[in-house]
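One letter stands for each residue in the lines below.
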Amino acid sequence: MSSVMERPFEEGRAAQLSAFRVAILVRSEIMRQGLTAMLRSLSMVDGVDVWAWPALSRPQAGPDRRPDVLILGCDGAELSVIDGLARDAAGRGAKVLLLLDQVPEELLDAIAMIPVNGFLVQHDLNSDSLAEILTVIADGGTAVPPAMAQRLLTRARTGGFGAAPPNPKLTPREKDVLALLVAGLSNKQIARRLNISQHGVKRLVSNVLAKLGCPNRTQAVALAITARILSD
């Protein structure tokens with residue numbers, strides 16, 4: 001939780017990934033243009049689609065143009081709308097990155113409950129950091145800025161996300177997966193460590209999140225640490 005991402009960026013790793021398509025759903029024209037330019041400069045990005053706000057049912061979303069990643073802006077829209085768009089995109093098989101200008105403390109809990117694969121902070125964003133974040137989520141990790149990770153950990157420690165289940169009934173294998181999530185491993189790394197398929201890891205991670213009542217890996221890690229779920 002103290003690093004920029006849930007696992008460190010491996011130098012040159014982005015160039016080894018298969019190219020994929022990214023869609024942008026952001027209100028600000030300046031941010032749309034800036035993101036488009038940065039994304040098109042990356043060899044790992046095969047194409048960029050700019051969607052009109054707020055509908056996802058655009059021609060670009062057809063079977064031949066389905067994005068691998070959606071960058072979703074969180075700039076003044078109702079969080080219920082953002083949550084619905086994120087869930088819709090995830091249901092279409094896309095990974096979702098939430099673009100934030102800033103995170104007001106009073107909205108942190110609500111933003112953390114949106115099921116996304118990572119967060120982008122506008123003032124920290126450049127081509128290198130964007131490539132790093134895309135690499136992390138493509139490899140099954142969750143990208144969380146360090147300041148936000150620390151705030152989430154603090155919120156979990158003070159009970160901001162609600163109490164943990166009294167005795168979450170995790171199987172031994174699910175505990176293994178949770179321990180490796182806490183260690184910052186991606187799905188691919190967990191699969192190698194446990195000698196199982198990445199599909200099996202995804203299923204186990206989903207089970208862990210459901211049993212802990214957490215919408216994403218970051219909260220699960222925070223809860224595991226603060227509630228001492230793995231203390232044995």
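Structure first, text after, so check above.
These numbers come from a predicted model, not from an experiment.

## Topic: the packing of helix α7 (residues 172-182) against helix α8 (residues 187-194)
Following both chains from N to C, one finds α7 and α8 inclined at 130 degrees, their axes separated by 10 Å at the closest point. Between α7 and α8, the angle falls in the class oblique. Our pair here, α7 against α8, has a crossing hand that is right-handed. Counted together, Arg173, Asp176, Val177, Leu180 and Leu181 of α7 and Ile190, Arg193 and Leu194 of α8 form the full contact between these two elements. For the contact of α7 with α8, the residue count by class is five nonpolar, no polar and three charged.

## Some points on the pattern of salt bridges
If charged atoms from side chains of opposite charge come close, those side chains can pair. Under the criterion given, the structure shown has five salt bridges. One salt bridge in this structure joins Arg173 and Asp176, with 4.0 Å as the shortest N-O distance. Of the two residues, Arg173 and Asp176 are both situated in helix α7; the distance of three residues between them amounts to about one turn of the helix. Among the residues examined, Asp176 registers a relative accessible area of 34% and is labelled partly exposed. Across the pair Glu174 and Lys211 runs a salt bridge, and its minimum N-O distance is 2.8 Å. Of the two residues, Glu174 sits in helix α7 while Lys211 sits in helix α9 (residues 198-212), which places them 37 residues apart along the sequence.

Calculation rules
- Residues numbered from 1 in each chain as written.
- Predicted model: local features only at pLDDT ≥ 70, side-chain atom pairs only at ≥ 80, totals over all residues.
- Heavy atoms only, no water.
- Axes fitted to C-alpha atoms, helices over the stretch in contact; angles between N-to-C directions.
- Helix = DSSP H or I, 4+ residues; strand = E, 2+ residues; numbered from the N terminus.
- Parallel < 35°, antiparallel > 145°, perpendicular 65-115°, else oblique.
- Left-handed = near helix turned anticlockwise from the far one by under 90°.
- Contact = heavy atoms within 4.5 Å.
- Nonpolar A, V, L, I, M, F, W, Y, C, P; charged D, E, K, R; others polar.
- Salt bridge = Lys/Arg side-chain N within 4 Å of Asp/Glu carboxyl O.
- Buried < 20%, exposed > 50% of the residue type's maximum accessible area, 1.4 Å probe, protein only.

Take it as geometry only, folks, not as evidence of what the structure does.
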